[in-house]
Amino acid sequence: MPDPTLIPNRGEFVDALRALRRGHVLVRACESWGGCSIDGGIVQSAFRPLQEYALIDEFDNPNGFEHIQYFRLNDRGRDFAERACQAWDRRPLIERLATRFLG
């Protein structure tokens, strides 16, 4: 049985879901740590779980740059993002702050 994908930074993961849910695009310039961004902000660890849980799909951006990948939430990702963001918002503030601090 394969190891489940871990979410190293849950705060960043929720932030990425929230931005993608608003229609922002995840841009992947390289495979190195921090090689992705959403709306100009660096995404350090959220790309891998988004991709491995099949929440995003790559799309062709004819106005984009060569060798750059562009991703949006797919239907599964939109459903998941809606539930995850609602669950996150229901958590007490102190718990959300601790989660951001600890990852």
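Look a little higher up for the structure.
None of the values given here were measured: they were computed from a predicted structure. (Residues numbered from 1 in each chain as written. Predicted model: local features only at pLDDT ≥ 70, side-chain atom pairs only at ≥ 80, totals over all residues. Heavy atoms only, no water.)

A.B. asks: Please explain the sheet that holds strand β1 (residues 26-28) as it appears in this structure.
C.D. replies: The strands making up a sheet associate through backbone hydrogen bonding, with each pair oriented either parallel or antiparallel. Judged by pairing direction, the sheet is antiparallel, and its 5 strands sit side by side in the order β3-β2-β1-β5-β4 without closing on themselves. The two strands at the open ends of the sheet, each matched to only one other strand, are β3 (41-43) and β4 (56-59). Between one strand and the next, the sheet's axes are offset by a mean angle of 35 degrees, whatever the strand orientation. Pairing between strand β2 (residues 36-38) and β3: 3 bridges, direction antiparallel. Along β3, the bridge assignment pairs Ser37 with Ile42. (Pairing = 2+ DSSP bridges. Helix = DSSP H or I, 4+ residues; strand = E, 2+ residues; numbered from the N terminus. Axes fitted to C-alpha atoms, helices over the stretch in contact; angles between N-to-C directions.)

A.B. asks: How do you make sense of the pattern of salt bridges when you look at a structure like this?
C.D. replies: When their charged atoms lie close together, side chains carrying opposite charge are able to pair. On inspection of all chains with the given rule, the structure shows 6 salt bridges. A salt bridge links Arg100 to Asp15, with the shortest nitrogen-to-oxygen separation between them at 2.7 Å. Here Arg100 is found in helix α4 (residues 93-102), whereas its partner Asp15 is found in helix α1 (residues 10-21), with 85 residues between them in sequence. Judged by its relative accessible area of 36%, Asp15 falls in the partly exposed class. Its salt-bridge partner being Asp75, residue Arg78 comes within 2.4 Å of it at the nearest N-O pair. (Salt bridge = Lys/Arg side-chain N within 4 Å of Asp/Glu carboxyl O. Buried < 20%, exposed > 50% of the residue type's maximum accessible area, 1.4 Å probe, protein only.)

A.B. asks: Mind showing me how you'd approach the environment of Leu73 here?
C.D. replies: Note that Leu73 resides in strand β5 (residues 69-73). The residues touching Leu73, leaving out its near neighbours within four places in the chain, are Leu17, Leu20, Arg21, Leu55, Ile56, Arg78 and Ala81. (Contact = heavy atoms within 4.5 Å.)

A.B. asks: Hey, could you run me through the environment of Ala19 in this one?
C.D. replies: Looking at the secondary structure, you find Ala19 in helix α1. Linking Ala19 and Ser37, residues 18 residues apart in sequence, is a C-alpha distance of 11 Å.

A.B. asks: Mind showing me how you'd approach helix α3 (residues 75-90) here?
C.D. replies: Since one α-helical turn is 3.6 residues long, residues separated by three or four positions face the same way. Between its first and last C-alpha atoms α3 spans 23 Å; for 16 residues at 1.5 Å apiece the expected length is 22 Å, and the two agree. Buried within α3 are the following residues: Gly77, Ala81, Ala84, Cys85 and Trp88. The buried residues of α3 all sit within an arc of 100 degrees when viewed along its axis, so they share a single face. Among the exposed residues of α3, those pointing more than 90 degrees away from its buried face are Asp75, Arg76, Arg83 and Arg90. (Expected span 1.5 Å × (residues − 1). Arc of directions from axis to C-beta.)

A.B. asks: Got a minute to help me understand the side chain of Arg28 in this structure?
C.D. replies: On the secondary structure map, Arg28 appears in strand β1. Not counting residues up to four positions away in its chain, the partners in contact with Arg28 are Gly35, Cys36, Phe47, Ile68, Gln69 and Phe71.

A.B. asks: For this particular structure, what's the right way to read the side chain of Thr99?
C.D. replies: For Thr99, the location among the structural elements is in helix α4. There is a polar contact of 2.8 Å between the side chain of Thr99 and the backbone oxygen of Glu95. With residues near it in sequence (within four places) discarded, Thr99 still touches Arg10 and Trp88. (Polar contact = N/O pair within 3.5 Å; in protein donor to acceptor, adjacent residues only side chain to side chain.)

A.B. asks: Looking at this structure, I do not really get unusual backbone geometry. What am I missing?
C.D. replies: A negative phi angle characterises most non-glycine residues, just as the trans form characterises most peptide bonds. Positive phi values are uncommon outside glycine, yet Asp39 reaches one of about 55 degrees. The topology assignment puts Asp39 in the loop between β2 and β3. The class of Asp39 is exposed, set by a relative accessible area of 60%. Not every positive phi belongs to a glycine, and His67 is a case in point at roughly 70 degrees. The residue His67 is located in the loop between β4 and β5 in this model. The exposed category is assigned to His67, whose relative accessible area is 69%.

Read these as spatial facts, not as claims about activity.
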